[in-house]
Amino acid sequence: MTIEMSRLCVPFTPLARPLGACRVALVSTAGVYAAGQEPFDPDNDVSIRVVPSDTATDALRVSHGHYDHASADRDPNVVFPLDRLRELAAAGEIGELAPGAVSMGFTQSFRVVRDETTPRIVDEVNRWSVDACVLTAG
Amino acid sequence: MVTIQRAIETTGVSTILVTVDPGQTRAARPPRGLHPEGFPIGESLGRPGEREVQRRVLHDALSLLVRYPEEPGSLVTRRYR
């Protein structure tokens, strides 16, 4: 599904329920993937990876050629805060994490992102019936 | 990134973007955005091992889903250090 909307219009969905009852997904363009998955092409990649939300932090990898990911290599939470989200879920601040986080890397193929990748990401988070998404870039 | 965010928001999901590139993000008119002031690209939530800063940024991001003090399409800037 593709919906075209003027930049002047801003879509806005109020949160449906208290945070403590929300299912939350992480969506990131920082090039993070799980060990065993195919790495992103660091210079251009329009594909996505679904990183299981229970992936061990030391099994997260970064492949992205257009920002300095030395910090993320040491601690993926600086761009992909899976540990912090797991802690907030355990503390009850959010209801639960979605089963996966949606991840992509670097691309300048904006038309493909708009027409193909974005609808795939939207389908992924809707399949999980999430209430909210936290988005991060590289 | 904001293209993806806006598309998700359009399907009835509340979204918050943590951004360290406020100029570009503002121009793209995100539904909601948190800009941790002074954080470099590649450290959107803080430095490696800086768990408490990372937690506070994420806590603030989630809180902005509950109540957004700005007009949608603009950013909220906070200082963490």
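Preceding this paragraph is the structure being described.
Residues numbered from 1 in each chain as written. Chains lettered and ligands numbered in written order. Predicted model: local features only at pLDDT ≥ 70, side-chain atom pairs only at ≥ 80, totals over all residues.

### Observations regarding the overall build of chain B
Within chain B one finds three helices and three strands. In sequence order, chain B lays out its α and β elements as α-β-α-β-α-β. Rg of the C-alpha trace for chain B: 12 Å, near the compact-globule value of 12 Å for 81 residues, within the 12% margin. Its C-alpha atoms give chain B principal-axis dimensions of about 35 × 25 × 20 Å. Looking at chain B residue by residue over its 81 residues, the buried ones come to 49%. Put simply, 52% of the contacts in chain B that link residues at least 6 apart link residues at least 24 apart. (Helix = DSSP H or I, 4+ residues; strand = E, 2+ residues; numbered from the N terminus. Rg over C-alpha atoms; globule rule 2.2 N^0.38 Å. Buried ≥ 20, exposed ≤ 12 C-beta atoms within 10 Å, placed from the backbone. Contact = placed C-beta atoms within 7 Å.)

### Comments concerning the nonpolar core
Ranked by internal contacts, the top residues of the largest apolar core, which has 51 residues, are A:Val24, A:Ala25, A:Val27, A:Val125, A:Cys133 and B:Ala61. Here the element with the most residues in this core is helix H3 (residues 51-66) of chain B; it accounts for six residues. Setting aside residues no more than four positions away along its own chain, B:Ala61 makes contact with A:Val134, B:Ile16, B:Val18 and B:Leu34. (Core = buried A, V, L, I, M, F, W, Y, C linked by C-beta atoms within 7 Å.)

### What about helix H1 (residues 2-10) of chain B?
For H1(B), the tally of buried residues reaches seven of nine residues, placing the bulk of the element in the interior. Elements that come into contact with the buried residues of H1(B) comprise strand E1 (23-28), helix H3 (110-127) and strand E7 (132-136) of chain A together with strand E1 (14-18) and helix H2 (22-27) of chain B. Of the residues one or two after H1(B), B:Gly12 is the one with positive phi, at around 90°.

### Some points on the interface of chain B and chain A
The interface is formed by 38 residues belonging to chain B together with 45 residues belonging to chain A. Of all elements in the fold, only H1, E1 and H3 of chain B reach the threshold of two or more residues within the side of chain B that touches chain A. Here the element with the most residues in the side of chain B that touches chain A is H1(B); it accounts for eight residues. Partitioned by chemical class, the residues of the side of chain B that touches chain A number 18 nonpolar, 14 polar and six charged. In terms of strand pairing, E7(A) meets E1(B) through five bridges, oriented parallel. (Nonpolar A, V, L, I, M, F, W, Y, C, P; charged D, E, K, R; others polar. Pairing = 2+ DSSP bridges.)

### Focus on the packing of H3(A) against H1(B)
Relative to each other, H3(A) and H1(B) sit at 45°, their axes nearing to 9 Å. Here H1(B) runs oblique to H3(A), going by the angle between their axes. The interaxial crossing formed by H3(A) with H1(B) has right-handed handedness. Along its contact with H3(A), which presents A:Val113, A:Arg114, A:Thr118, A:Ile121, A:Val122 and A:Val125, the element H1(B) presents B:Thr3, B:Ile4, B:Ala7 and B:Ile8. (Axes fitted to C-alpha atoms, helices over the stretch in contact; angles between N-to-C directions. Parallel < 35°, antiparallel > 145°, perpendicular 65-115°, else oblique. Left-handed = near helix turned anticlockwise from the far one by under 90°.)

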